[in-house]
Amino acid sequence: MRKNTVILAITSVIVVIMASAAAGILLAIKTSIPVSDESNKAKPKSEIIKKETANSSSTLNSNSNEWKQENGSWYFIINGEKQKNWILSNNRWYFLGSDGKMKTEWVKDKNKWYYFGNDGKMRTGWLKFNSNWYYLNDDGGMEVNTNISGLYINEKGILQGKS
C-alpha cells in the first residue's frame, strides 16, 4: 500500500510541474510579437498598433518602442523613428532594411547569409528551403564549406550528404 502512495505522490508532482511548464509556454506565446497568421504575413499577437489622427496618418508616442504595420510591411519604432538593420525584440533577432521594413527569408549582411521566417524572426539550426537543407549556426549565419555532425555542406550552404 505504501508503494502505491509514493507512486501517486510522484505522479502528482510530475503533473503539477508539467502544468506549470505548459502555462509558462502559453504565456510566452500569448505575449510574443510578431507571430504569423493564416495569410502568412507577420502580425503582432495584440491588435495592430495604430493611433489615428484627423488626416488618417499613423502617429506614435514619442517614448514608445513598438512594432507597427504600415501598407502591409512591419516596422520597429523607437522614440517615433523607424529602426534599421539588426534589432533584438522579445529576445529574438530581426533584420530591418534601409527603409526600415522587416525582412523575411534570405538576407546577406557583411558577407554572411541569414534566414528570417515569415514572422521576421532569425532562424538557427537546420533549415529546409526549396527542397534543400541549410545549417544556420547559433548567430544565425549560414555555414558553408564545412562538416556538421559528419554531414558535408557545400560552398552554397547546401547539405550534400555524409562527408
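Along each chain, numbering runs from 1 in the same order as the chain's sequence is written. Whole-chain, interface and lining totals are the exception, using all residues; otherwise, since this is a predicted model, local features are given only for residues with pLDDT of at least 70 and side-chain atom pairs are given and counted only at 80 or more. The side-chain figures draw on all heavy atoms in the structure; neither hydrogens nor water molecules are used.

1. So, the overall build of the chain
Argument step 1. Under the scheme used here, helices are H or I runs from DSSP no shorter than 4 residues and strands are E runs no shorter than 2 residues, and both carry numbers assigned from the N terminus. Tallying secondary structure elements over the chain gives 1 helix and 14 strands in all.
Argument step 2. Summary of the burial criterion: residues with accessible area below 20% of their type's maximum are buried, those above 50% are exposed, and those between are partly exposed, where the area comes from a 1.4 Å probe applied to protein chains only. In the chain, which comprises 163 residues, the share counted as buried stands at 30%.
Argument step 3. Contacts are assigned to residue pairs with any non-hydrogen atoms lying within 4.5 Å of each other. Excluding contacts between residues fewer than 6 apart, the proportion of contacts in the chain whose partners are at least 24 apart in sequence is 27%.

2. A word on the side chain of Asp 119
Argument step 1. Relative to the assigned elements, Asp 119 resides in the loop between strand 9 (112–116) and strand 10 (125–129).
Argument step 2. Taking relative accessible area as the criterion, Asp 119 reaches 10% and is therefore assigned buried.
Argument step 3. Any N or O atom pair separated by 3.5 Å or less is treated as a polar contact, with the protein-specific requirement of one donor-capable and one acceptor-capable atom, and with residues adjacent in sequence counted only for side-chain atom pairs. Polar contacts involving the side chain of Asp 119 include one to the side chain of Arg 123, which spans 3.1 Å.

3. Some words on the pattern of salt bridges
In a structure, side chains of opposite charge can pair up when their charged atoms sit close to one another.
Argument step 1. The salt bridge definition used is simple: a Lys or Arg side-chain nitrogen within 4 Å of an Asp or Glu carboxyl oxygen. Per the counting criterion, the structure on display carries 4 salt bridges.
Argument step 2. For Lys 82, the salt bridge identified is with Glu 70, shortest N-O distance 2.9 Å. Highlighted residues: Lys 82 in strand 5 (residues 81–82) and Glu 70 in strand 3 (residues 65–70), separated in sequence by 12 residues.
Argument step 3. For Glu 70, a relative accessible area of 25% gives the class partly exposed.
Argument step 4. Between Asp 139 and Lys 112 there is a salt bridge, and its shortest N-O distance comes to 3.1 Å. Highlighted residues: Asp 139 in the loop between strand 11 (132–136) and strand 12 (146–148) and Lys 112 in strand 9, separated in sequence by 27 residues.

4. Some points on the packing of aromatic side chains
Argument step 1. Any two rings among Phe, Tyr and Trp, with Trp reduced to its six-membered ring, count as a pair given centres within 6.5 Å; such a pair is stacked if its planes are under 30 degrees apart, edge-to-face if over 60, and tilted if neither. All told, the structure shown has 12 aromatic pairs when counted by the stated rule.
Argument step 2. Considering the side-chain rings of Trp 86 and Phe 95, the 5.2 Å spacing of their centres and the 80° angle between planes classify their relative orientation as edge-to-face.
Argument step 3. Of the residues examined, Phe 95 reaches a relative accessible area of 8% and is grouped as buried.
Argument step 4. On the numbers, 6.4 Å between centres and 40° between planes, the contact of Phe 95 with Phe 116 is tilted. With Phe 95 in strand 7 (residues 92–96) and Phe 116 in strand 9, the pair connects residues that are 21 residues apart, well separated along the chain. Assigned by exposure class, Phe 95 and Phe 116 land together as buried.
Argument step 5. Only when the NZ of Lys or the CZ of Arg is both within 6 Å of the ring centre and within 35 degrees of the ring normal is a charge said to sit over the ring. The positively charged end of Lys 82 is found above the aromatic ring belonging to Tyr 75, 4.1 Å away from the centroid.

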